[in-house]
Amino acid sequence: MIDLYPRDSWNFVFGQASLTDGVGIFSFARYGSDFYSSHYEGKLKKLQKKSSSDYSVFDNYYVPEVTSVLLLRSCKTLTHEIGHIFGLRHCQWLACLMQGSNHLEEADQRPLDLCPICLRKLQSAVGFHLKDRYKVNLFFKALVRWVDAESTDTPTVTPKHSREDPLSLPKPVEAFKEWKEWITKCLAVLQK
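Worth saying up front: this structure is predicted, and the values here are computed from it rather than measured.

1. Observations regarding the overall build of the protein chain
Thought 1: Assigned secondary structure in the protein chain consists of six helices and four strands.
Thought 2: Mapped from its N terminus to its C terminus, the protein chain presents α and β elements in the order β-β-α-α-α-α-α-β-β-α.
Thought 3: A burial count over the protein chain gives 36% of its 192 residues as buried.
Thought 4: Here the contacts in the protein chain between residues at least 6 apart in sequence split such that 54% fall between residues at least 24 apart.
Thought 5: With the model as given, the accessible surface of the protein chain reaches about 13,100 Å², and the carbon-plus-sulfur share is 56%.

Structure representation (structure tokens):
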């Protein structure tokens, strides 16, 4: 939930990953609906220089409302950074998950999927059968079922650092509807 600044001279990054070291990071900070408001509760009071092994800055840290938009933005950034870990660079050609973004509107315009060029690059890097990726991939089918399932199936959670009773959260899936339609069409074409 804290902004990421790879260098003091940089503005911020949504996430960053290494093309060679197999590591990446991303922040939820700018994805909450209240981040850009003047009363955002997650801002640090002052810059805290900590050692790389000191995670105390996260203790009792502000957690925004979990919405479908926050989840969709996070999924896009997380999978974008994983793409970098697999060796993919930013895409400059088509609407693609691997497009770079310098602000939230640009990030929101990215699709949740790879363009055909980057999908082929990933296929070359990882080695999978493209048709099987969609047809047999239980992950896509499970995500479609998750989007379709009723909110009542949502598990209860207890907020970290809290003595409160468990919360029953509504399942935030509204922002995933467009992606679900796309994947459903892909799966239908492959069933033929």
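Now that the structure is up, let's keep going.
2. Some words on a nonpolar patch on the surface
Thought 1: Among the surface-exposed residues, Leu-78, Ile-82, Phe-86 and Val-126 lie close enough to one another that they form a single nonpolar patch of about 320 Å² accessible area.
Thought 2: Structurally, the position occupied by Val-126 is in helix α3 (residues 116–126).

3. Some words on the pattern of salt bridges
Thought 1: Tallying each qualifying case throughout the model produces two salt bridges.
Thought 2: Arg-73 is paired through a salt bridge with Asp-108; the nearest N and O atoms lie 2.8 Å apart. Of the two residues, Arg-73 sits in helix α1 (residues 68–85) while Asp-108 sits in helix α2 (residues 104–109), which places them 35 residues apart along the sequence.
Thought 3: In this structure Arg-73 comes out as buried when scored by relative accessible area, which is 15%.
Thought 4: Here Asp-148 ties to Lys-180 by a salt bridge, and the two come within 3.2 Å at their closest N and O atoms. Taken together, the residues span a long stretch of sequence, with Asp-148 in helix α5 (residues 138–148) and Lys-180 in helix α6 (residues 177–191) at a distance of 32 residues.

4. A short note on the state of the cysteines
Thought 1: A full pass over the atoms with the stated rule returns zero disulfides.
Thought 2: Cys-115 takes part in no disulfide bond, and the closest cysteine sulfur, belonging to Cys-96, lies 3.7 Å away.
Thought 3: The class for Cys-115 is buried, based on a relative accessible area of 2%.
Thought 4: You can see Cys-118 has no disulfide; the closest cysteine sulfur is in Cys-96, sitting 3.7 Å from it.
Thought 5: Owing to a relative accessible area of 1%, Cys-118 belongs among the buried residues under this scheme.

5. Focus on the side chain of Lys-76
Thought 1: As for its position among the elements, Lys-76 is in helix α1.
Thought 2: Nearest to the buried, unbridged Lys-76 among oppositely charged side chains is Asp-108, at 5.4 Å.
Thought 3: Contacts of Lys-76, omitting those with residues within four sequence positions, involve Leu-97, Ala-107, Asp-108, Arg-110, Pro-111 and Leu-112.

Cut-offs and rules
- Residues numbered from 1 in each chain as written.
- Predicted model: local features only at pLDDT ≥ 70, side-chain atom pairs only at ≥ 80, totals over all residues.
- Heavy atoms only, no water.
- Helix = DSSP H or I, 4+ residues; strand = E, 2+ residues; numbered from the N terminus.
- Buried < 20%, exposed > 50% of the residue type's maximum accessible area, 1.4 Å probe, protein only.
- Contact = heavy atoms within 4.5 Å.
- Areas by Shrake-Rupley, 256 points an atom, 1.4 Å probe, with all protein chains shown as cover.
- Patch = residues over 30% accessible without salt bridge, like charges linked within 9 Å, V, L, I, M, F, W, Y side chains within 5 Å.
- Salt bridge = Lys/Arg side-chain N within 4 Å of Asp/Glu carboxyl O.
- Disulfide = S-S within 2.5 Å.
- Lys, Arg positive; Asp, Glu negative; His and termini not counted.

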